[in-house]
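Given next are the chains, with one letter for each unit.
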Amino acid sequence: MLALVLLSAALSEGRARRIGDHLQIALPAAGLVCAATRGQARVYAGRYLLLEAGIKFPKALLGDLPVNLRPNGGGHGFPSGHTAAAAFGASALVAGCLRDSPGAQAVAVMSAGFVGASRIDAGRHTIWQTLAGAVLGWLVATVKLVAFDRAVVAIWARAGARLTALRGRAPVPVPGRP
């Protein structure tokens, strides 16, 4: 699979960026499916939201500092969000559903690396912004965050209880319907 991705990127100009764009969605989505099969979808979703905060806050706080400037002249480059999302998904897959498959682990990790390389190649991020995104994604996926994970599960449980309570109430009549 990775060989086909790399070959198609090498044969077509601009295609590497698009493939990277797709992989930065596919890897976290596969990680979510993996987490769901293990009964961990809520924790995974909570950690993904934590990752998003870890991507967005530095970009906003760093403003026009050189570390936040993109090679193509834009701002808000630190860290690379595409790379962080890909590394998060790949790390979750490696630690979860791919534990017994070194070949599949290699494909997941190389796919995340491809995302980072595509961001550098497209001039969207520097190598340091990309490495920071990779480290951020890996940390959020793998570091033990027991209190955070418990809080996420508790929030989901309270939300579920509220929805159940709302369903128990009489339905709100819709005008024009019997």
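Structure first, text after, so check above.
Residues numbered from 1 in each chain as written. Predicted model: local features only at pLDDT ≥ 70, side-chain atom pairs only at ≥ 80, totals over all residues. Heavy atoms only, no water.

Asker: What should I look at first to understand the environment of Arg38 in this one?
Answerer: Note that Arg38 resides in the loop between helix H2 (15–37) and helix H3 (41–62). Its relative accessible area of 43% is what places Arg38 among the partly exposed residues. When the C-alpha atoms of Arg38 and Cys97 are compared, they prove to be 8.4 Å apart, with 59 residues separating the residues in sequence. Beyond its immediate sequence surroundings of up to four residues, Arg38 is in contact with Gly96 and Cys97. (Helix = DSSP H or I, 4+ residues; strand = E, 2+ residues; numbered from the N terminus. Buried < 20%, exposed > 50% of the residue type's maximum accessible area, 1.4 Å probe, protein only. Contact = heavy atoms within 4.5 Å.)

Asker: Would you mind going over H2 with me for this structure?
Answerer: In an α-helix, one turn spans 3.6 residues; hence positions three or four apart end up facing the same way. Here H2 spans 32 Å end to end across 23 residues, near enough to the 33 Å set by a 1.5 Å rise per residue. Ala16, Ile19, Gly20, Asp21, Leu23, Gln24, Leu27, Pro28, Gly31, Cys34 and Ala35 are the residues of H2 that are buried. Looking at the residues trailing H2, positive phi occurs at Gly39, about 75°. (Expected span 1.5 Å × (residues − 1).)

Asker: Any chance you could explain the state of the cysteines here in plain terms?
Answerer: Should the sulfur atoms of two cysteines be covalently bonded, the bond is a disulfide. Counted under the stated rule, the structure contains 1 disulfide. Two residues, Cys34 and Cys97, share a disulfide whose sulfurs are 2.2 Å apart. Taking the torsion about the S-S bond as the criterion, the Cys34 to Cys97 disulfide, at about 110°, is right-handed. Taken together, the residues Cys34 in helix H2 and Cys97 in the loop between helix H4 (81–95) and helix H5 (102–121) connect sequence positions 63 residues apart. (Disulfide = S-S within 2.5 Å.)

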